[in-house]
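If you want the building blocks of each chain, they are given just below.
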Amino acid sequence: MIEFDQVHKAYEVEGRAIPALQPTSLAIENGEVFGIVGHSGAGKSTLVRLINLLERPSGGRIVIDGEDVTGYDSKDLRDFRRKVGMIFQHFNLLSSKTVEDNIAFPMKLAGIYSRDEIRTRVAELLERVGLTHHARKFPSQLSGGQKQRVGIARALACRPTILLCDEATSALDPQTTQSVLRLLGDLNRELKLTIVLITHEMDVVRRVCDRVAVMDAGDVVEMGPVTDVFLHPKHATTRDFVFESEHVDEQEMEANFEKAEGRILRLTFRGESTYKPLLGSVARQTGVDFSILSGRIDRIKDTPYGQLTLSLVGGDLPAAQAALEAADVHVEVVR
Amino acid sequence: MEDLLTNVDWGEIGGASWDTLVMVGASLFFSVLFGLPLGVLLFLTGKRQLLEQPVAYAVLSFVVNVLRSVPFIILLIVMIPFTVMLIGTSLGVAGAIPPLVAGGAPFFARLVETSLREVDRGIIEATQAMGATVRQVIFGALLPEAMPGIIAGITVTAITLVSYAAMSGVIGGGGLGDLAIRFGYQRFQTDVMVITVALLVIFVQILQMVGDRLVLYFSRR
Ligand SMILES: Nc1ncnc2c1ncn2[C@@H]1O[C@H](COP(=O)(O)OP(=O)(O)OP(=O)(O)O)[C@@H](O)[C@H]1O
Ligand SMILES: [Mg+2]
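In this text, all values refer to a predicted model and were calculated from it rather than measured experimentally.

Assigned secondary structure in chain A consists of 12 helices and 14 strands. Overall, the C-alpha framework of chain A stretches about 75 × 50 × 35 Å when taken along its three principal axes. Counting across all 335 residues of chain A, residues that qualify as buried make up 52%. Counting contacts in chain A only where the partners sit at least 6 residues apart, residues at least 24 apart contribute 70% of the total. Looking at chain A as shown, the accessible area adds up to about 15,500 Å², and 48% of this sits on carbon and sulfur atoms. Considering chain A, the positive charge centre built from 41 side chains and the negative charge centre built from 48 side chains are found 7 Å apart.

Moving on, we come to the sheet that holds strand 7 (residues 162-166) of chain A. Residue and element names in this part refer to chain A. Spatially, 6 strands are ordered 6-7-8-3-9-10 in an open sheet, and the strand pairing comes out mixed. Each having just a single partner strand, strand 6 (84-88) and strand 10 (219-225) make up the two edges of the open sheet. In this sheet, adjacent strand axes meet at a mean angle of 15° when their direction is disregarded. Here strand 3 (residues 33-38) pairs with strand 9 (residues 211-216) via 5 bridges, running parallel. Its bridge partner being in strand 9, Phe34 is matched across the sheet by Arg211.

Moving on: the interface of chain B and chain A. Counting residues at the interface gives 19 residues for chain B and 21 residues for chain A. Ionic pairing is found between Arg49 of chain A and Glu125 of chain B, a salt bridge with its closest N-O pair at 2.9 Å. Our count for the chain B to chain A interface comes out at 8 residue pairs in polar contact (both at pLDDT 80 or more). Elements with a minimum of two residues in the side of chain B that touches chain A: helix 6 (121-129) and helix 7 (134-167) of chain B. Partitioned by chemical class, the residues of the side of chain B that touches chain A number 7 nonpolar, 7 polar and 5 charged.

All right, on to the state of the cysteines then. Residue and element names in this part refer to chain A. Within this structure, the stated rule accounts for 0 disulfides over all chains. Residue Cys158 stays outside any disulfide, its sulfur separated by 17 Å from that of Cys165, the closest cysteine. Look at Cys158 and you get buried, because its relative accessible area is 5%. Between Cys165, a cysteine without a disulfide, and Cys209, which holds the nearest cysteine sulfur, the sulfur-to-sulfur distance is 9.2 Å.

Here we take up the pattern of salt bridges. For the structure on display, the rule yields 25 salt bridges over all chains. Here Asp203 of chain A and Arg206 of chain A are joined by a salt bridge, their closest N and O atoms 2.8 Å apart. Within this pair, Asp203 of chain A and its partner Arg206 of chain A are both found in helix 7 (residues 202-208), separated by 3 residues, close to a single helical turn. A salt bridge links Arg110 of chain B to Glu113 of chain B; its shortest N-O distance comes to 2.8 Å. One end of the pair, Arg110 of chain B, and the other, Glu113 of chain B, are both in helix 5 (residues 92-117), 3 residues apart, so they sit about a helical turn from each other. Of the two residues, Arg110 of chain B and Glu113 of chain B, neither departs from the other in class, the shared state being buried. Residues participating in the shared-partner salt-bridge network are Asp203, Arg206, Arg207, Arg296 and Asp298 of chain A.

Our next topic: the environment of Arg128 of chain A. All names here are of chain A. By secondary structure assignment, the location of Arg128 is in helix 4 (residues 115-128). Residues Arg128 and His330, 202 residues apart in the sequence, show an inter-C-alpha distance of 41 Å. In this structure, Arg128 is in contact with Leu183, Asp186, Leu187 and Glu190, ignoring residues within four places of it in sequence. Polar contacts involving the side chain of Arg128 include one to the side chain of Glu190, which spans 2.9 Å.

Further remarks concern helix 11 (residues 278-286) of chain A. An α-helix turns once per 3.6 residues; consequently, residues spaced three or four apart project the same way. All names here are of chain A. Three or more residues of helix 11 are buried, namely Leu278, Leu279, Val282, Ala283 and Thr286. The buried residues of helix 11 occupy an angular sector of 125° when the element is viewed end-on, so they sit on one face. Opposite the buried face of helix 11, by more than 90 degrees, sit the exposed residues Arg284 and Gln285. Its buried side turned inward, helix 11 meets strand 11 (263-270), strand 12 (289-300), strand 13 (303-313) and helix 12 (317-326). Gly287 sits one or two residues past helix 11 and shows a positive phi near 75°.

Inspection of the entire model under this criterion finds 5 aromatic pairs over all chains. A ring pair is formed by Tyr72 of chain A and Phe80 of chain A, whose centres lie 5.9 Å apart and whose planes are at 65°; its orientation type is edge-to-face. Look at Tyr72 of chain A and you get buried, because its relative accessible area is 18%. Accessibility expressed as a relative area gives 9% for Phe80 of chain A, which makes it buried. Summarising the aromatic geometry, the rings of Tyr217 of chain B and Phe218 of chain B are spaced 5.3 Å apart at their centres and angled 85° between planes, so their arrangement reads as edge-to-face. Among the residues examined, Phe218 of chain B registers a relative accessible area of 29% and is labelled partly exposed. In this structure an aromatic cluster arises from ring pairing among Phe29, Phe30 and Phe34 of chain B.

A separate point is the site of ligand 1. Residues and elements named next belong to chain A. Around ligand 1 lies a shell formed by Tyr11, Val13, Ala20, His39, Ser40, Gly41, Ala42, Gly43, Lys44, Ser45, Thr46 and Glu167. Gly43 has a polar backbone atom sitting 2.9 Å from an oxygen atom of ligand 1. The side chain of Thr46 places a nitrogen or oxygen atom 2.5 Å from an oxygen atom of ligand 1. The set of elements that each furnish at least two residues to the shell around ligand 1 consists of strand 1 (2-13) and helix 1 (44-51).

The angle between the axes and the distance between the axes are what describe a pair of packed helices. All names here are of chain A. With their axes 9 Å apart at the nearest point, helix 11 and helix 12 run at an angle of 145° to one another. For the crossing formed where helix 11 meets helix 12, the hand is right-handed. Residues Leu278, Leu279, Val282 and Thr286 of helix 11 form the contact with helix 12, whose participating residues are Ala319, Ala320, Ala323 and Leu324. In terms of residue class, the contact of helix 11 with helix 12 is built from 7 nonpolar, 1 polar and no charged.

Parameters at a glance
- Per chain, residue numbering runs from 1 following the sequence as it is written.
- Chain letters start at A and ligand numbers start at 1, both assigned in the order the entries are written.
- At least 70 in pLDDT is required for a residue's local features to be given in this predicted model, at least 80 for side-chain atom pairs to be given and counted, and no such filter applies to totals for whole chains, interfaces and linings, which use all residues.
- Side-chain numbers here rest on the full set of heavy atoms in the structure, without hydrogens or water.
- Each helix corresponds to a stretch of at least 4 residues labelled H or I by DSSP, and each strand to a stretch of at least 2 residues labelled E; elements are numbered beginning at the N terminus.
- Here the term buried applies to any residue with accessible area under 20% of the maximum for its type, exposed to any over 50%, and partly exposed to those in between, with areas from a 1.4 Å probe on protein chains only.
- Note on definitions: a residue-residue contact is assigned when non-hydrogen atoms from the two residues lie within 4.5 Å.
- Here the open area of atoms and residues is found with the Shrake-Rupley method and a 1.4 Å probe, where only the protein chains shown may cover a residue.
- Charge assignment in this entry is limited to Lys and Arg as positive and Asp and Glu as negative, and neither His nor the chain termini are counted.
- Charged groups are reduced to one reference atom each: NZ for lysine, CZ for arginine, CG for aspartic acid, CD for glutamic acid.
- Whether two strands pair depends on DSSP finding at least two bridges between them.
- Convention adopted: a line fitted to C-alpha atoms gives each axis, helices being fitted over their contacting stretch, and angles between N-to-C directions are expressed from 0 to 180 degrees.
- The salt bridge criterion pairs a side-chain nitrogen of Lys or Arg with a carboxyl oxygen of Asp or Glu, the two atoms within 4 Å.
- Under this definition, polar contacts are N or O atom pairs within 3.5 Å; protein pairs additionally need one hydrogen-donor-capable and one acceptor-capable atom, and for neighbouring residues in sequence, both atoms have to be side-chain atoms.
- Only Asp, Glu, Lys and Arg are considered charged, only Ala, Val, Leu, Ile, Met, Phe, Trp, Tyr, Cys and Pro nonpolar, and every remaining residue, Gly among them, polar.
- For the purposes of this analysis, a disulfide is any pair of cysteine sulfur atoms at a distance within 2.5 Å.
- The directions from the helix axis to the C-beta atoms form the arc being described.
- Only rings of Phe, Tyr and Trp enter the pairing, Trp through its six-membered ring, and a pair is recorded when the two centres are within 6.5 Å. The plane angle decides the type: under 30 degrees is stacked, over 60 is edge-to-face, the rest tilted.
- One heavy atom within 4 Å of a molecule or strand makes the whole residue count as near it.
- Should the near helix be turned counterclockwise from the far one by less than a right angle, the crossing is left-handed, whereas a clockwise turn marks it as right-handed.

Below is the structure:
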């Protein structure tokens, strides 16, 4: 488990302290995929780099699996870092080493593996990320997606329990992003790997994360299960991200509401209720008429969900609302 | 052809070429030997680098700048007593080497510093994140990544040393420069001058070509 206890960070620039992370407490469970979103400069990288102490905290405690890592001496710190893999937006592979040498690099640095162990492990990792035929190539001869796979293999070489991803898919096209995310998801399941993933795309969060933290100006402003944060965003920054990812224009939506009559409800279905023929039966039973103003049916990781905005007229409105709520649908009265 | 080159003693030219080769080779060797660690140190102690040490950086940087800002011809003369103390003479091929190194090493050190700075910070960070020691970062990541730049730096240094070595002829340093000054300049033997200059040009061309090849070989970008 990764625990932050009132951790804060200010960068020292020309004698002045520039705050980058306000005092933050959070806990990331073992085996979970934890997303961090926020605008540029919000402090996402700072937070993640504190986990493997690439940045020293200005205060607070960072506890990993029950041990306070902020007090480690340099030897302990190096051993600890081996248990935390990291991948980067620009891959940061050594251009002077081949793919296999890049993957072997952290094992060689560790100095505790035999040549045979390294060779076997590298072959295994190459196979796992699907790059067996590219072992002897140099990074410059690979595509972005392949480079990130090398980055992932390298990060996994010393069998870490935590993987930090700083915008690992931001430099990739949508298709490649998808395949890299799928790989990360598989690794999370197969290896019980804890993954902390920074992104500025809500879509990435939606696809792989279990929980998400939203950051704004050095603060974690919202944190929770992705389904909650996604379907019921509270903070303005979160709403921005969610609406943007759903291609919803808030003003246009409100303009649409102007034209609609009657009561406007936003219904959120989750899990199995998404597929039930609920609306028709409620309409029949209560005599309300509805029209759909906007809607979307999709998945968050493995959970299907639907979100519909309806205008209802006529019939027994309170009864309709009650019937929907009784059927496990979240009902929000928009107007 | 023979009529044109009446003053040229090919045996002497051959000997002088060999002397130049030795001077450049030896001084290049020592320039790299001293300049490389100096360059690495300059880089590491620099601002926001692995071993940031403002005072150490300022001192090293000052020494390097002083050596680099003294015109080489002056350095040659200033170094004479020191050279005599070091190897017993300030003349000939051996006497030229200490001033050549004094001029070449700081020059090369700056080039090393620059090529290390060009290594992507992200690579240093990634290496640190793997649990590398500072030593491992230097030898495992920084130097291999900067290798093309360092090789290019060696080439530039070698070429600079060729011209410095020629200059050392002024204080009796030996080699092609010495020949050019003694015969070409002082005795107006233009043909000797032309031949020595041509040889120097060829020498520089070869160095550049070999250097470029090596850079190409070492850059996998
Ligand atoms: N080494 C540093 N020195 C000084 N200030 C820094 C340093 N690193 C980050 N900062 C500042 O700290 C704040 C948070 O930076 P951080 O890199 O954590 O943001 P981020 O959320 O990762 O942004 P991005 O999405 O652009 O990567 C910014 O204001 C940034 O300018
Ligand atoms: Mg960042």
